[in-house]
Amino acid sequence: MPEFSALKILSARAGADPLLVQAAGGNTSLKQNGVMWIKASGAWLRDAATRDIFVPVDHEVLLTALAGNDPACEACTDFVLADLNASGLRPSIETTLHALMPQRVVVHVHCVNTIAWAIRGDAEQRLAEKLKAFNWAFIPYARPGLLLANAIVARLIPGIDVLILGNHGLVVAAESVAEVEKLLNRVVEVLVKPVRATVPPDLAALHRLCKGTDYALARNIETHALATDVLALERGKDAVFYPDHVVFLGISVATEIESGAALVAIPGKGVLIRGDAKPAIEPMGRCLADVMRRIEADDPLTALDDEAIDRLVNWDAEKYRRSLTAGT
Ligand SMILES: [Zn+2]
């Protein structure tokens, strides 16, 4: 099978696994004949096999611009090869990290198990034990785009094919799609954390609360766990641990229906979703629950600080992605 077709199938498979990818998060790429095909900003990986969601960029021109710290590398739209760009979309806001990896195939996922390690204050030391069989690097948190690219350059040495992005996720790279999939599976297997069982929602109470409002119950029992798992709500409610958390859920999780928030976690009862909420909202709420169900009461976590949050929510490339996700 041609590599591009194989990549689309792998992308769709990863995109359909909520423990790897949520909504428009995560992205994949393939470099061939000087062109780097990268997932489009705002597109969902799970659609990769059925829709045209890849954008062609000039790899060499992008690398040269990156070496010069060119601000055009923030959105990367200047490097799109318009003649080949059938989708007419913009490249992912994480295009630069794919360009920096020298391997042909790169997969970046917001793997729940990886995030549960990567938000710890001692992530680098703990992961060093776990990943000693791998050629890997830990990249301290930086906002995606040029800032993350610079953080990667500071630690990337030849041979590295696994990156753990602090407070963010996982990157794996290889010369073929088959190899990258194997590597992804191996890393994820090593990083699997124990998970607390879900506590069922109080359906009667939730239905009562929704009556006469624009809210409905979250569809997945795993999403409800954000409200029914006491520890998950306690630790996840008022801190922001990774970029998509704040971009889609805001700086704190609402706990009362009167808040009018897109997602409301009613403590001990379950999660409600506003009728007009973006399709990304429930997957992002579930992701937070999935991460927090892998966190213990005394785990030392590091949240994003106010400056990091501000850099994310006021970033133009991110605003564009959010506007696209609103419509899908
Ligand atoms: Zn990411």
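Remember, predicted model here, so these are calculated numbers, not experimental data. (Residues numbered from 1 in each chain as written. Predicted model: local features only at pLDDT ≥ 70, side-chain atom pairs only at ≥ 80, totals over all residues. Heavy atoms only, no water.)

Caption draft 1: Spatial organisation of the pattern of salt bridges. For the structure shown, the criterion picks out 13 salt bridges. Taking the shortest distance from any N to any O, the salt bridge between R143 and E74 comes out at 2.6 Å. Residue R143 is located in the loop between strand 5 (136–139) and helix 6 (146–155), and its partner E74 is located in the loop between helix 2 (59–67) and helix 3 (95–100); the two are separated by 69 residues in the primary sequence. Both residues of the pair, R143 and E74, count as buried. Close ionic contact of K237 with D238 constitutes a salt bridge, the shortest N to O distance being 3.0 Å. Exposure remark for K237: the relative accessible area of 25% places this residue in the partly exposed category. (Salt bridge = Lys/Arg side-chain N within 4 Å of Asp/Glu carboxyl O. Helix = DSSP H or I, 4+ residues; strand = E, 2+ residues; numbered from the N terminus. Buried < 20%, exposed > 50% of the residue type's maximum accessible area, 1.4 Å probe, protein only.)

Caption draft 2: Representation of the sheet that holds strand 4 (residues 105–109) within the structure. With mixed pairing, seven strands are arranged side by side in an open sheet as 3-2-1-4-7-6-5. Looking along the sheet, the strands with just one partner apiece sit at the ends: strand 3 (54–58) and strand 5. For this sheet, the mean angle separating the axes of adjacent strands, direction not counted, is 15 degrees. Here four bridges tie strand 6 (residues 162–165) to strand 7 (residues 169–174), and the two strands are oriented antiparallel to one another. Bridge pairing in strand 7 links L163 to V171. (Pairing = 2+ DSSP bridges. Axes fitted to C-alpha atoms, helices over the stretch in contact; angles between N-to-C directions.)

Caption draft 3: Up close: the packing of helix 1 (residues 3–15) against helix 7 (residues 177–191). The interhelical angle for the contact between helix 1 and helix 7, taken along N-to-C directions, is 25 degrees, at an axis separation of 9 Å. On the basis of the axis angle, helix 1 is roughly parallel to helix 7. On helix 7, the residues touching E3, A6, L7, L10 and R13 of helix 1 are V177, V180 and E181. Taken together, the residues of the contact of helix 1 with helix 7 sort by class into five nonpolar, no polar and three charged. (Parallel < 35°, antiparallel > 145°, perpendicular 65-115°, else oblique. Contact = heavy atoms within 4.5 Å. Nonpolar A, V, L, I, M, F, W, Y, C, P; charged D, E, K, R; others polar.)

Caption draft 4: Seen up close, the packing of aromatic side chains. Under the counting rule described, the total for this entry stands at two aromatic pairs. Both rings, one in F4 and one in W37, keep their centres 5.1 Å apart while their planes meet at 40 degrees; by these two values the pair is tilted. Of this pair, F4 sits in helix 1 while W37 is found in strand 2 (residues 35–39), placing the two residues 33 residues apart along the sequence. Taking 5.4 Å as the distance between ring centres and 75 degrees as the angle between the ring planes, the aromatic pair formed by F4 and F54 counts as edge-to-face. Taken as a pair, F4 in helix 1 and F54 in strand 3 lie far apart in primary sequence, 50 residues in all. A residue is classified by how much of its surface remains accessible, and F54, at 2% relative accessible area, is buried. Through pairs of rings, three or more aromatic residues link up here, namely F4, W37 and F54. The ring of F4 carries the charged tip of K8 above its face, separated from the ring centre by 4.3 Å. Looking at K193, its charged tip hangs above the ring of W117, at a distance of 4.4 Å from the centre. (Phe/Tyr/Trp six-rings, centres within 6.5 Å; stacked < 30°, edge-to-face > 60°. Lys NZ or Arg CZ within 6 Å of the ring centre and 35° of its normal.)

Caption draft 5: Summary view of helix 7. The end-to-end C-alpha distance of helix 7, which contains 15 residues, comes to 21 Å, matching closely the 21 Å that a straight helix rising 1.5 Å per residue would cover. Along helix 7, the residues classified as buried are V177, V180, L183, L184, V187, V188 and L191. Viewed end-on, helix 7 has its buried residues packed into an arc of 125 degrees, placing them on one side of the element. Turned more than 90 degrees away from the buried face of helix 7 sit K182 and E189, all of them exposed. Tucked into the core, helix 7 has its buried residues touching helix 1, strand 4, helix 4 (112–118), helix 5 (123–130), strand 6 and strand 7. (Expected span 1.5 Å × (residues − 1). Arc of directions from axis to C-beta.)

Caption draft 6: The arrangement of the side chain of K193 in detail. Relative to the helices and strands, K193 resides in the loop between helix 7 and helix 8 (203–210). Although buried, K193 forms no salt bridge, and the nearest oppositely charged side chain, D299, lies 4.0 Å from it. Among the polar contacts made by the side chain of K193, one reaches the main-chain carbonyl oxygen of R294 at a distance of 3.4 Å. The residues touching K193, leaving out its near neighbours within four places in the chain, are N113, A116, W117, R120, R294, I295 and D299. (Lys, Arg positive; Asp, Glu negative; His and termini not counted. Polar contact = N/O pair within 3.5 Å; in protein donor to acceptor, adjacent residues only side chain to side chain.)

Caption draft 7: The coordination of the zinc ion, seen in detail. Donor atoms from the polypeptide that coordinate the zinc ion comprise E94 (OE), H108 (NE2), H110 (NE2) and H168 (NE2), at 2.0 to 2.2 Å from the metal. With four donor atoms in place around the zinc ion and angles of 86 to 147 degrees between them, the coordination shape is irregular. We classify H108 as buried; its relative accessible area is 0%. Taking relative accessible area as the criterion, H110 reaches 7% and is therefore assigned buried. (Donors = N, O, S within 2.8 Å, 3.2 Å for Na, K, Ca; no water. Tetrahedral: all angles 85-135°; square planar, octahedral: opposite > 155°, others 65-115°.)

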